[in-house]
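Observations on chain architecture
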Amino acid sequence: MASPPAFSVPSLRLPRVMGHRGALALAPENTLASIGAAAAAGVTWVEFDVMLTGDRQPVLMHDKTLKRTTGMPGAMAETPLSAISGLDASAGFARKRGAGAAAAFRGRDDCRVPTLEETVACLLALDLTPNVEIKPTPGLAEETAAVALERLLPLWPEDRLPPLISAFEWDALTVAREMAPLWPRGLLSHKFPKDWQAAMTRYDCASLHVNWRHLGTAKVQAVKAAGYAVASYTVNQLTVARRLVKMGVDCLITDRPDRLLAGLAD
Ligand code: G3P
Ligand code: MG
């Protein structure tokens, strides 16, 4: 069995269930309403995506363009915060869930695209710990991480569990390690990375986050035996959730925290 690595950050205790983009299925993704819905469902942690606007301000956004979530044209990298922060992010929710489900959210202040600073205030008020996914537009991984950390560090109280910083673009994790060495980092990968051991060591990560379709018991157990936590996304079905828990996966990142919290409590 591999001996545990020497962490420069404390090993990480992730929750069994974490909200995805707040709680994507319950309210418009990456909004304060979505984070509130996750808290109301009972989670203590939420994941969300942080991207820079054209004038390099960090906001919650998953896509490189505004279209899917807000219905408005424009690329994130070319649109200033002043034109983004007033946008209603419930348009995508309406398309996916239907006008009826979206009616309760349309036009609400907590359904605007939130800044990272507004999000921190919301997290603290709701007593939530964040998994901050650095979501850069192409070429901006390091800058996105630097701006996000620069804003987060002075706002996040030292006496609370620190945010977990994750990214598919692993260079962002180097920036996170330099700027916030004691905050845990999560290595994000769609597939199970062949070089996971080297990468976890290189970026000094506490957790490995992989699409659930690419996990199996042997892989999960190998990562855990090396002393790391394992998270998987996006787990919305109880049958899948139970299978992953059986494999030893620590944390299920889900659009339906209500369903998983209720179902896994059995
Ligand atoms: O952090 C887990 C998950 O959010 C990664 O995928 O595309 O939903 O940001 P995505
Ligand atoms: Mg994400």
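For the structure, check the block above.
Predicted model, so just to flag it, every value in this text is computed and none were measured. (Residues numbered from 1 in each chain as written. Chains lettered and ligands numbered in written order. Predicted model: local features only at pLDDT ≥ 70, side-chain atom pairs only at ≥ 80, totals over all residues. Heavy atoms only, no water.)

Here the focus is the site of ligand 1. All residues in the neighbourhood of ligand 1 are listed as His20, Arg21, Glu47, Asp49, His62, Glu133, Lys135, Phe168, Leu188 and Tyr233. Asp49 is positioned with one of its side-chain polar atoms (N or O) 3.1 Å from an oxygen atom of ligand 1. Within the contact set of ligand 1, an oxygen atom lies 2.6 Å away from a side-chain nitrogen or oxygen of His62. Its free accessible area being 290 Å², ligand 1 has 91% of it covered by the protein chains. Classifying every residue of the shell around ligand 1 by side-chain character gives three nonpolar, two polar and five charged. (Near = heavy atom within 4 Å. Polar contact = N/O pair within 3.5 Å; in protein donor to acceptor, adjacent residues only side chain to side chain. Areas by Shrake-Rupley, 256 points an atom, 1.4 Å probe, with all protein chains shown as cover. Nonpolar A, V, L, I, M, F, W, Y, C, P; charged D, E, K, R; others polar.)

Turning our eyes to something else, we now look at the pairing of strand E5 (residues 164-167). Residues Leu164 and Ser166 of E5 are buried on one face, and the alternating residues Ile165 and Ala167, pointing to the opposite face, are buried as well. Note on the crossover from strand E4 (residues 129-134) through helix H7 (residues 141-155) to E5: the handedness is right-handed. In this sheet, strand E6 (residues 185-189) lies alongside E5 in parallel orientation, the contact comprising three bridges. Counted as the bridge partner of Ile165 is Arg185 from E6. Between E5 and its parallel partner E6, the chain crosses via helix H8 (residues 171-179), and the hand of that crossover is right-handed. (Buried < 20%, exposed > 50% of the residue type's maximum accessible area, 1.4 Å probe, protein only. Helix = DSSP H or I, 4+ residues; strand = E, 2+ residues; numbered from the N terminus. Right-handed = clockwise from strand over helix to strand, strands pointing away. Pairing = 2+ DSSP bridges.)

A separate point is helix H11 (residues 238-247). Those residues of H11 lying buried are Val240, Ala241, Leu244 and Met247. Each buried residue of H11 lies within a common arc of 120° when the element is viewed along its axis, so the set occupies one face. Opposite its buried face, H11 presents the exposed residues Thr239 and Lys246, each directed more than 90 degrees away. Against the buried residues of H11 lie helix H10 (217-225), strand E8 (229-233), strand E9 (251-254) and helix H12 (257-264). At the C-terminal side of H11, Gly248 shows a positive phi close to 110°. (Arc of directions from axis to C-beta. Contact = heavy atoms within 4.5 Å.)

What follows deals with the packing of aromatic side chains. Under the counting rule described, the total for this entry stands at five aromatic pairs. Residues Phe168 and Tyr233 carry aromatic rings whose centres are separated by 6.1 Å and whose planes lie at 80° to one another, so their mutual orientation is edge-to-face. Taken together, the positions of Phe168 in the loop between E5 and H8 and Tyr233 in strand E8 put the pair 65 residues apart, joining distant regions of the chain. (Phe/Tyr/Trp six-rings, centres within 6.5 Å; stacked < 30°, edge-to-face > 60°.)

With that out of the way, let us pick up the pattern of salt bridges. All told, the structure shown has 15 salt bridges when counted by the stated rule. Between Arg160 and Asp127 there is a salt bridge; the shortest N-O distance is 2.7 Å. One end of the pair, Arg160, is in the loop between H7 and E5; the other, Asp127, is in the loop between helix H6 (116-126) and E4, with 33 residues separating them in the sequence. In this structure Arg160 comes out as partly exposed when scored by relative accessible area, which is 23%. Residue Asp204 is joined to Arg185 by a salt bridge in which the shortest nitrogen-to-oxygen separation is 3.3 Å. In this pair, Asp204 sits in the loop between helix H9 (196-202) and strand E7 (207-211) while Arg185 sits in strand E6, placing the two residues 19 residues apart along the sequence. Note on Asp204: relative accessible area 12%, which makes it buried. (Salt bridge = Lys/Arg side-chain N within 4 Å of Asp/Glu carboxyl O.)

Metal coordination angles in their ideal form are 109.5 degrees for the four-donor tetrahedron and 90 or 180 degrees for the six-donor octahedron. Those protein atoms acting as donors to the magnesium ion (ligand 2) are Glu47 (OE), Asp49 (OD) and Glu133 (OE), and they sit at 2.0 to 2.2 Å. Here the donor residues for the magnesium ion (ligand 2) map to a single chain with the spacing E-x1-D-x83-E. The same class applies to Glu47 and to Asp49, which are both buried. (Donors = N, O, S within 2.8 Å, 3.2 Å for Na, K, Ca; no water.)

Within the largest apolar cluster, 64 residues are counted, with the highest numbers of intra-cluster contacts made by Ile35, Phe48, Leu187, Leu215 and Leu244. Setting aside anything within four residues of it in sequence, one finds Leu187 in contact with Ala167, Trp170, Leu173, Pro193, Ala199, Met200, Tyr203, Cys205, Ser207, Leu208 and His209. Within the second largest apolar cluster, 12 residues are counted, among which are Leu12, Trp45, Ala231 and Tyr233. (Core = buried A, V, L, I, M, F, W, Y, C linked by side-chain atoms within 4.5 Å.)

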